[in-house]
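# Fold and contact review
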Amino acid sequence: NAGVMQNPRHLVRRRGQEARLRCSPMKGHSHVYWYRQLPEEGLKFMVYLQKENIIDESGMPKERFSAEFPKEGPSILRIQQVVRGDSAAYFCASSPAGVRDNEQFFGPGTRLTVL
Amino acid sequence: AQSVTQLGSHVSVSEGALVLLRCNYSSSVPPYLFWYVQYPNQGLQLLLKYTSAATLVKGINGFEAEFKKSETSFHLTKPSAHMSDAAEYFCAVSHISGYALNFGKGTSLLVTP
């Protein structure tokens, strides 16, 4: 049973370009979460999605960031017009529906570097 | 909102010594608590979790943690450190009615020969 998959593992963008980060949850998981880890910091919650629905995006920056989890395919975190401050590790986690203990399974992360 | 504080951003122990990583939480209601480990350039791996069952929780790799409500603590321990334990450790909390995990800033564990 494959774990949470994220790609690319490393992404380099120049300021003003777009970054697309992909996350495939574990088989049987329908809940996806995105977190951002800045250097020397813990992970910060960004957004929680279920298939075709954004449940909570309270941790997302108001501009340039968006996320989706379509009926088919991976979840996508999209960052438009990247700036140097967007450089971070972005982690995706997944969980099955109906789990009460909130255990989340994390992917290996995408490390975004903005030049 | 619930949060966690990890005391000590860096902890150094000798191989074979006791490992103690501290985590205190703030929550007005009983939370779910987690310890995750992160090896360099990798994702987070769950070590153990507390979900209101036994207060002493045993995890993988010989780690355990004790939930102490009176102290609002969930410290992580291991009786004997191994070189392979060197990593970043994160404590996290979530409310039973919530889903987002709130992470501490992490403690970097160094194990010396």
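Reference entry: report on the structure contained in this document. (Residues numbered from 1 in each chain as written. Chains lettered and ligands numbered in written order. Predicted model: local features only at pLDDT ≥ 70, side-chain atom pairs only at ≥ 80, totals over all residues. Heavy atoms only, no water.)

For the rest of this paragraph, the subject is the pairing of strand β5 (residues 31-38) of chain B. All names here are of chain B. The element β5 is largely enclosed, with a buried count of eight among its eight residues. Of the two faces of β5, the one holding P31, L33, W35 and V37 and the one holding Y32, F34, Y36 and Q38 are both buried throughout. Between the antiparallel neighbours β5 and strand β6 (residues 44-50) lie five residues, among them N41 with a positive phi of about 60°. (Buried < 20%, exposed > 50% of the residue type's maximum accessible area, 1.4 Å probe, protein only. Helix = DSSP H or I, 4+ residues; strand = E, 2+ residues; numbered from the N terminus. Pairing = 2+ DSSP bridges.)

Contact with chain A, which involves 21 residues of that partner, is made by 21 residues of chain B. Where chain A meets chain B, there are one salt bridge. One salt bridge in this structure joins K49(B) and E103(A), with 2.5 Å as the shortest N-O distance. For the pair chain A and chain B, the interface holds four residue pairs in polar contact (both at pLDDT 80 or more). (Contact = heavy atoms within 4.5 Å. Salt bridge = Lys/Arg side-chain N within 4 Å of Asp/Glu carboxyl O. Polar contact = N/O pair within 3.5 Å; in protein donor to acceptor, adjacent residues only side chain to side chain.)

All names here are of chain A. Tracing the sequence through the fold places H31 in strand β4 (residues 31-37). One polar contact links H31 to Y48, side chain to side chain, over a distance of 2.8 Å. In this structure H31 touches Y48, L49, Q50, A93, S94, S95, P96 and A97, once residues within four positions along its chain are discounted.

What follows concerns the packing of aromatic side chains. For the coordinates displayed, the defined rule picks out 13 aromatic pairs over all chains. Ring geometry for Y35(A) against F106(A): centres 5.5 Å apart, planes inclined by 45°, an arrangement best described as tilted. Highlighted residues: Y35(A) in strand β4 and F106(A) in strand β10 (residues 105-106), separated in sequence by 71 residues. Between Y25(B) and F67(B), the ring centres sit 5.7 Å apart and the planes meet at 20°, which makes this aromatic pair stacked. Of this pair, Y25(B) sits in strand β4 (residues 24-26) while F67(B) sits in strand β8 (residues 64-68), placing them 42 residues apart in sequence. (Phe/Tyr/Trp six-rings, centres within 6.5 Å; stacked < 30°, edge-to-face > 60°.)

This part covers the nonpolar core. By size, the foremost hydrophobic cluster in this structure holds 26 residues, and its most contacted members are W35(B), L48(B), F74(B), L76(B) and Y89(B). Contributing elements (two or more residues each) for this core: β2 (10-14), β3 (19-21), β5, β6, β8, β9 (73-78), β10 (87-95) and β12 (107-112) of chain B. Element by element, the count of residues in this core is highest for β10(B), at four residues. Every residue in contact with L76(B), bar those within four places of it in the chain, is listed here: V19(B), L20(B), L21(B), W35(B), L47(B), L48(B), F63(B), E64(B), A65(B) and Y89(B). Core analysis: the next-biggest nonpolar cluster, separate from the first, contains 23 residues, M26(A), F69(A), I79(A) and V114(A) among them. (Core = buried A, V, L, I, M, F, W, Y, C linked by side-chain atoms within 4.5 Å.)

Residue and element names in this part refer to chain A. For the structure on display, the rule yields two disulfides over all chains. Linked covalently through their sulfurs, C23 and C92 form a disulfide whose S-S length is 1.8 Å. For the disulfide bridge between C23 and C92, the dihedral angle about the S-S bond is near -55°, and by the sign convention the bridge is left-handed. Note that C23 is positioned in strand β3 (residues 19-24) and C92 in strand β9 (residues 88-95), a separation of 69 residues in sequence. (Disulfide = S-S within 2.5 Å.)

One pass over the structure, following the stated rule, counts six salt bridges over all chains. As a salt-bridge pair, R20(A) and E18(A) come within 2.8 Å of each other at their nearest N and O atoms. Close ionic contact of K58(B) with E64(B) constitutes a salt bridge, the shortest N to O distance being 2.8 Å. Using a relative accessible area of 23% as the deciding quantity, one classes E64(B) as partly exposed. Salt bridges here are not isolated pairs; linked through shared partners, they connect E18(A), R20(A) and R78(A).

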